[in-house]
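Structure assessment
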Amino acid sequence: MKKIITLLAVITLLVSCKTVRVSQDYALGTDFNNYKTYAYFKKGIDEAQISELDKKRILRAIDTEMTAKGFVKSQNPDVLVSIFTDSKERVDVYNNNWGMGFGWGWGGGFWRNNMGNNVTRTTEGILYIDLIDAKKKELIWQGVGKATLRSTPEKKVERTNEIVKEILRQFPPMPKK
C-alpha cells in the first residue's frame, strides 16, 4: 500500500512539473491577418528582470515560433514583441495520513498507517509575451505561461522552448463562431 501511494505521489509530481499553464488576452476587433513582420521592442526586452542567458533563450524560442507561423523579422515591423518575467515559489503539500482502524471500549485495538506529509518547494516562472501594433503603439495580444523552472542549461533550453511554444500556440487567436 505504501509503495502504491508513493508511486502515485511521484507520478502526480512529475505530471504537474511537465505542464505549462497558458492564457491569452487580445484586443477584440483586431485583424491579425494584417500582421506579417516583427521586431523586438528593445526597451521592453532590456527591462526584463532575468539573466542575459535566459533572455537569449526566450528570444531564440520566440524567433523559432514566429518563423513557424510565417512571420519575418524586419527593420520596419508590423508588430513589436516584448517580454516580461516573474517568478514565485510554489509550495505543494501532499497529505499522506492514510489510516484505518477499529476499536472497542477500554483497551480496544487501533491500527493506523501514518506516512506523514510531503512538502515540495519549486520555483515557478511566469513569462508574458506582448505583441504591440508598431504603428499605433498599442498592445494587441498578450500570452502568459506559467511553469516550474529547471536548473541545468540543457533543461532550461528545453523548458524555455516548451513554454514559448505553448504560449504562442494561442497566437493568432481564433475567433469564436
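Read on for a plain summary of the structure. (Residues numbered from 1 in each chain as written. Predicted model: local features only at pLDDT ≥ 70, side-chain atom pairs only at ≥ 80, totals over all residues. Heavy atoms only, no water.)

Structural notes on the pairing of strand S5 (residues 117–133)
- Direction of pairing for S5 relative to strand S6 (residues 138–148): antiparallel, over a ladder of ten bridges. Bridge pairing links Glu-124 to Thr-148 in S6.
- Linking S5 to S6, which pair antiparallel, is a turn of four residues; within it Lys-137 sits at a positive phi near 60°. (Pairing = 2+ DSSP bridges. Helix = DSSP H or I, 4+ residues; strand = E, 2+ residues; numbered from the N terminus.)

Some thoughts on the nonpolar core
- In this structure, Ile-62, Ile-83, Leu-127, Ile-129, Trp-141, Val-164 and Leu-168 are the most contacted members of the largest nonpolar core, which totals 27 residues.
- If you list the elements that add at least two residues to this core, you get strand S2 (37–40), helix H3 (52–68), strand S4 (79–95), S5, S6 and helix H4 (153–168).
- Looking at this core element by element, the count peaks at five residues for H3. (Core = buried A, V, L, I, M, F, W, Y, C linked by side-chain atoms within 4.5 Å. Buried < 20%, exposed > 50% of the residue type's maximum accessible area, 1.4 Å probe, protein only.)

A few points about the pattern of salt bridges
- A full pass over the atoms with the stated rule returns seven salt bridges.
- A salt bridge links Lys-42 to Asp-46, with the shortest nitrogen-to-oxygen separation between them at 2.7 Å. Here the residue Lys-42 and the residue Asp-46 both occupy positions in helix H2 (residues 42–47), the gap between them amounting to four residues, near one helical turn.
- Residue classification places Lys-42 among the exposed residues on the basis of a relative accessible area of 57%.
- As a salt-bridge pair, Arg-169 and Glu-166 come within 2.8 Å of each other at their nearest N and O atoms.
- Here Arg-169 falls in the exposed class, since its relative accessible area comes to 53%.
- Of the residues examined, Glu-166 reaches a relative accessible area of 23% and is grouped as partly exposed. (Salt bridge = Lys/Arg side-chain N within 4 Å of Asp/Glu carboxyl O.)

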